[in-house]
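# Understanding the architecture of this molecule
Chain residues, written in single-letter form:
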Amino acid sequence: MSPAVAAAPKCLVAVIGVGLVGTEFVNQILTHLPSFVKIVALSSSKTWLNSSNADLTPANWRSALSTSGIKPDLNTLLSQLSEKAKQGHKVVVVDNTSSDAVAALYPQFLKEGLNVITPNKRAFSADQSLYREIVESSQLSGARFLNESTVGAGLPVISTLKDLVATGDKVKKVEGVFSGTMSYIFNNFSTSQAGGPSFSSVVTIAREKGYTEPHPADDLNGADVARKVTILSRCIPALASGLPRGYKDVNTTSLVPSQLAEITSGDEFIARLPEFDNHFASMRKTAHDKQKVIRYVGVVDVDKGEMKASVENYPFDHPFATALGGSDNIFMFHTERYGARPLIVQGAGAGAAVTAMGVLSDLLKLL
Ligand SMILES: NC(=O)C1=CN([C@@H]2O[C@H](COP(=O)(O)OP(=O)(O)OC[C@H]3O[C@@H](n4cnc5c(N)ncnc54)[C@H](OP(=O)(O)O)[C@@H]3O)[C@@H](O)[C@H]2O)C=CC1
Ligand SMILES: N[C@@H](CC=O)C(=O)O
Ligand code: NA
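Residues numbered from 1 in each chain as written. Chains lettered and ligands numbered in written order. Predicted model: local features only at pLDDT ≥ 70, side-chain atom pairs only at ≥ 80, totals over all residues. Heavy atoms only, no water.

As recorded in an unreviewed UniProt entry, the chain goes by Homoserine dehydrogenase and comes from Rickenella mellea. A UniProt comment under Cofactor (unreviewed entry) is attached to the chain, and it reads "a metal cation". Under Catalytic activity (unreviewed entry), UniProt gives the following word-for-word description of the chain: "L-homoserine + NADP(+) = L-aspartate 4-semialdehyde + NADPH + H(+)". (UniProt positions renumbered as here; feature names shortened; annotations may be inferred.)

Given below as structure tokens:
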């Protein structure tokens, strides 16, 4: 730990959601910043631990939470945290859920002076009113919201875009592979080789690796990419005038077979997916016959005012076909200053470790 970090005052953190990313986040704090950050509350969807006076360690926090016997109550949490903010503490709410209900509380958290950090895309990609309320509440109280991990997980995507804008560059287009799940699926399913694994098998592995949303259909229906497209578009002033529409207005291609569209359980969805393997294999063959691979891309085209999340075919030698592996994302920023050679950010775009790192680095930026 650097001396600057060691000398800084403690900040109080409440963690809502301890799934894949939340668990990793708590462990990273307790391992790397134990004396700098104090976790004062932990909440799963079933139990809540008020840990102000507890000595949490990577080995004991989960059992302390599961045996607390207290049901989560976000309103009580809100009032307890605002008391601490009023006493002069720097308080941060970290939302590691994908819950709309938690996202809807951000304006209240911010109004009470509680900072919000999150990888949850819901609030920033939903309709304009919630987003506007978040921005206004933050301006009113001075509390901040940081959401780097909502796009490209730990990759510096939102910060890069905001830096380009803040320094006066003119962003013309942002395009790339914005989904770790879609990247993993198509990097393995559609290559320059003929044939390959079944579609359902690669989706299953992407889920096992922790890349997918809690319900994998939220990735396959394009909504996750459409949300990221919306979040990025809201950082670009030329599009933000009048504020961009919500993610449902992004032109989006869904890969979810209509027969599976109403399934609410992720497990049932995965179990039924093999019924459609032949359909996806024929998509792959059609592309391969044209010497192309399939990739799922996002585009924010400022000049054309176009936002889309779509399936495209690319030649075998295109960077989207050759340069990506694993859950890699790639973001190409076409701007006035970068001219014909876009600024590129590339690397793992999903997975608990890199996402939690993005959340933790937001916390360090805040402090
Ligand atoms: N995984 C990744 O690679 C990335 C994830 N993200 C985002 O990070 C967030 C978390 O993802 P991930 O960890 O993979 O998802 P998980 O489903 O593993 O974890 C989410 C957790 O939130 C909990 N939860 C839901 N509602 C509440 C609530 N009201 N109060 C407290 N806890 C609640 C769930 O508990 P329970 O299971 O009991 O319902 C679950 O444990 C999502 O918004 C996702 O989009 C962003 C970038 C990358
Ligand atoms: N499900 C998402 C997780 C990160 O945002 C993805 O696959 O990219
Ligand atoms: Na990011």
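### What about the site of ligand 2?
With respect to spatial proximity, the complete set of residues near ligand 2 consists of Lys121, Ser179, Gly180, Thr181, Tyr211, Thr212, Glu213, Asp219, Asp224, Lys228 and Gly349. For ligand 2, a nitrogen atom lies 2.7 Å from a polar atom in the side chain of Asp219. The side chain of Lys228 places a nitrogen or oxygen atom 2.8 Å from an oxygen atom of ligand 2. In isolation ligand 2 has 250 Å² of accessible area, and contact with the protein removes 92% of it. Elements with a contribution of two residues or more to the shell around ligand 2: helix H10 (180–189) and helix H13 (223–233). (Near = heavy atom within 4 Å. Polar contact = N/O pair within 3.5 Å; in protein donor to acceptor, adjacent residues only side chain to side chain. Areas by Shrake-Rupley, 256 points an atom, 1.4 Å probe, with all protein chains shown as cover. Helix = DSSP H or I, 4+ residues; strand = E, 2+ residues; numbered from the N terminus.)

### Considerations on the UniProt feature "binding site: NADPH" (unreviewed entry) in the chain
UniProt's feature table lists "binding site: NADPH" (unreviewed entry) at Thr97 and Lys121, given in the numbering used throughout. The greatest C-alpha distance among the residues just named is 9.5 Å, despite their covering 25 residues of sequence, which places them together in space. For Thr97, the location among the structural elements is in the loop between strand E4 (91–95) and helix H5 (100–103). For Thr97, the contacting residues outside a window of four places in its chain are Ile16, Gly17, Val102 and Asn120. Within the structure, Thr97 has its side chain in polar contact with the side chain of Asp95 (distance 2.7 Å). (Contact = heavy atoms within 4.5 Å.)

### Notes on the UniProt feature "active site" (unreviewed entry) in the chain
As recorded in UniProt, the feature "active site" (unreviewed entry) lies at Lys228. Looking at the secondary structure, you find Lys228 in helix H13. Take Lys228: its relative accessible area is 4%, and that puts it in the buried class. In this structure Lys228 touches Lys121, Thr150, Val151, Phe178 and Ser179, once residues within four positions along its chain are discounted. (Buried < 20%, exposed > 50% of the residue type's maximum accessible area, 1.4 Å probe, protein only.)

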